[in-house]
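Each chain is listed here by its residues.
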Amino acid sequence: MLLKDKVAVVTGASNGIGRAIVDVFIENGARVIGLDIVEIESWNPDFTMIKVDISNTADCERAYNEINTMADRIDVLVNCAGITRDAMTKKMSEEQFDQVIAVNVKGVWNLTRLIGPAMQANGSGSIINISSVVGVFGNVGQSNYAASKAAVIGMTKSWAKEFALKEGNVRVNAVAPGYTMTNMMNSVPAELLEKFRSSTMLGRLAEPIEIANSVLFLASDLSSYITGEVLNVNGGMRL
Ligand code: CAA
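Right, let's walk through the structure included here. In this text, all values refer to a predicted model and were calculated from it rather than measured experimentally.

A short note on the overall build of the chain
Working step 1: Secondary structure summary: the chain contains seven helices and seven strands in total.
Working step 2: What you see in the chain, going N to C, is helices and strands ordered as β-α-β-β-α-β-α-β-α-α-β-α-α-β.
Working step 3: Along the three orthogonal principal directions, the C-alpha set of the chain runs to about 50 × 40 × 35 Å.
Working step 4: Here the chain holds 239 residues, and 51% of them are scored as buried.
Working step 5: In the chain, once contacts between residues fewer than 6 apart in sequence are set aside, the share between residues at least 24 apart is 69%.
Working step 6: For the chain, the exposed area adds up to about 11,200 Å²; of that, 53% sits on carbon and sulfur atoms.
Working step 7: Seen as two clouds, the 21 positive and the 25 negative side-chain charges of the chain have centres 5 Å apart.

Some words on the sheet that holds strand β4 (residues 76-79)
Strands belonging to one sheet form pairs held by backbone hydrogen bonds; the direction of such a pair is parallel or antiparallel.
Working step 1: Spatially, the seven strands line up as an open sheet ordered β3-β2-β1-β4-β5-β6-β7, and their pairing is parallel. Unpaired on one side and paired on the other, β3 (47-51) and β7 (230-233) mark the two borders of the sheet. Taking each pair of neighbouring strands and ignoring which way they run, the sheet shows an average axis angle of 20 degrees.
Working step 2: Bridge count between strand β1 (residues 7-11) and strand β2 (residues 31-36): five bridges; the pairing is parallel. Note on β2: the bridge partner recorded for Val7 is Arg31.
Working step 3: Where helix α1 (residues 16-27) meets the sheet, its contacts fall on β1, β2, β3, β4 and β6 (170-177), and the angle it forms with β1 comes to roughly 165 degrees.

Re the nonpolar core
Working step 1: The biggest cluster of nonpolar side chains holds 43 residues, and the ones touching the most others in it are Val9, Leu35 and Tyr179.
Working step 2: Going through the elements one at a time, β1, β2, α2 (57-70), α3 (94-122), α4 (133-137), α5 (143-162), β6 and α6 (190-198) are the ones with two or more residues in this core.
Working step 3: The biggest single contributor to this core is α3, with eight residues.
Working step 4: For Val9, the residues in contact, after removing those within four places along its chain, are Ile33, Leu35, Ile67, Ile74, Val76, Leu77, Val78 and Ile115.
Working step 5: Formed by 29 residues, the second largest nonpolar core is a distinct cluster that contains Ala20, Ala30, Val32 and Ala206.

Regarding the pattern of salt bridges
Working step 1: Per the stated rule, a full pass over the model turns up eight salt bridges.
Working step 2: Between Asp5 and Lys4 there is a salt bridge, with its nearest N and O atoms 3.9 Å apart.
Working step 3: Under the relative-accessibility criterion, Lys4 is labelled exposed at 52%.
Working step 4: Note that Asp23 and Arg19 form a salt bridge whose closest N and O atoms lie 3.2 Å from each other. Placement of both Asp23 and Arg19 in helix α1 is noted, with a separation of four residues, approximately one turn of the helix.
Working step 5: Overall, the relative accessible area of 28% leaves Arg19 in the partly exposed class.
Working step 6: Through salt bridges that share partners, Asp59, Arg62 and Glu66 make up one connected network.

Details of the environment of Gln120
Working step 1: Mapping Gln120 onto the fold places it in helix α3.
Working step 2: Among residues more than four places away in sequence, those in contact with Gln120 are Glu162, Phe163, Leu165, Gly168 and Val170.

Comments concerning the environment of Met155
Working step 1: Relative to the helices and strands, Met155 resides in helix α5.
Working step 2: Separated by 86 residues in the primary sequence, Met155 and Thr69 place their C-alpha atoms 28 Å from one another.
Working step 3: Setting aside anything within four residues of it in sequence, one finds Met155 in contact with Val105, Val108 and Trp109.

What about the site of the ligand?
Working step 1: Around the ligand, a shell composed of 20 residues is seen, among which Asp86, Lys91, Ser132, Asn139 and Tyr145 lie nearest.
Working step 2: Within the side chain of Lys91, one N or O atom sits 2.8 Å away from an oxygen atom of the ligand.
Working step 3: A distance of 2.6 Å separates an oxygen atom of the ligand from a polar side-chain atom of Ser132.
Working step 4: Relative to its unbound accessible surface of 1,000 Å², the ligand loses 60% to contact with the protein.
Working step 5: In terms of residue class, the shell around the ligand is made up of eleven nonpolar, six polar and three charged.

Definitions and cut-offs
- Residues numbered from 1 in each chain as written.
- Predicted model: local features only at pLDDT ≥ 70, side-chain atom pairs only at ≥ 80, totals over all residues.
- Heavy atoms only, no water.
- Helix = DSSP H or I, 4+ residues; strand = E, 2+ residues; numbered from the N terminus.
- Buried < 20%, exposed > 50% of the residue type's maximum accessible area, 1.4 Å probe, protein only.
- Contact = heavy atoms within 4.5 Å.
- Areas by Shrake-Rupley, 256 points an atom, 1.4 Å probe, with all protein chains shown as cover.
- Lys, Arg positive; Asp, Glu negative; His and termini not counted.
- Charge placed at Lys NZ, Arg CZ, Asp CG, Glu CD.
- Pairing = 2+ DSSP bridges.
- Axes fitted to C-alpha atoms, helices over the stretch in contact; angles between N-to-C directions.
- Core = buried A, V, L, I, M, F, W, Y, C linked by side-chain atoms within 4.5 Å.
- Salt bridge = Lys/Arg side-chain N within 4 Å of Asp/Glu carboxyl O.
- Near = heavy atom within 4 Å.
- Polar contact = N/O pair within 3.5 Å; in protein donor to acceptor, adjacent residues only side chain to side chain.
- Nonpolar A, V, L, I, M, F, W, Y, C, P; charged D, E, K, R; others polar.

Geometry only, nothing functional implied.
Structure below.
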């Protein structure tokens, strides 16, 4: 029960890695408020869903006010929601670029600008931002996504410094998952999947729970002296 009695906000909670994080947090005693543009039914008394478009600043403010009616403090924020709009750069439209930046960068900023300072005022908290192996190493056909996930690392390090000020004691870290078996992989051609798989030391792609467990570690007091770090969870993809 690593998160007993903690309140956690998780974006992208409806599926994939976000959903795995919700499950593992609840198993570890947290009360979880899930945010997503796609709503799912609550299956557990410790889970509440709020529908929100994280790229919309006013909608995030509305969701934050709703969270404040449910909980008197937030202990953990996981910024997991993200989208891809893959294309070779010469074929990538402005819309494809802007959509990815709006959700993956501004969406993370929109919520953290509300929740981070509140944690700082409380004198504790843990924020985990989901970056990507692509944000660290780049990828063919993902210049928009790579830019967004590298931005997530920049924001993580800035907030680790900023929300620690005035004895804020807020830890801010990023997890950079490798290729993980979620719906996001459906659009990836089979031969590329094979290439990604064979480039890992473990010879396989990640399961969502393996990423969620690393997020649990960073959310919990087991990582009480870790902040401003990027935890690469990619099966040794780039050794
Ligand atoms: N490495 C080397 N060459 C590549 C390549 C790659 N990864 N991808 C494409 N190419 C080459 C193709 O072989 C092709 O070469 P030729 O012109 O000689 O035939 C050329 O580039 C054009 O490729 P496509 O025909 O595939 O171009 P397209 O416009 O139809 O599609 C694409 C481009 C949409 C980017 C498609 O290649 C694709 O979906 N690639 C996968 C992108 C990817 O890895 N996404 C990861 C999603 S998971 C995720 O993002 C989560 C996370 O955090 C890890």
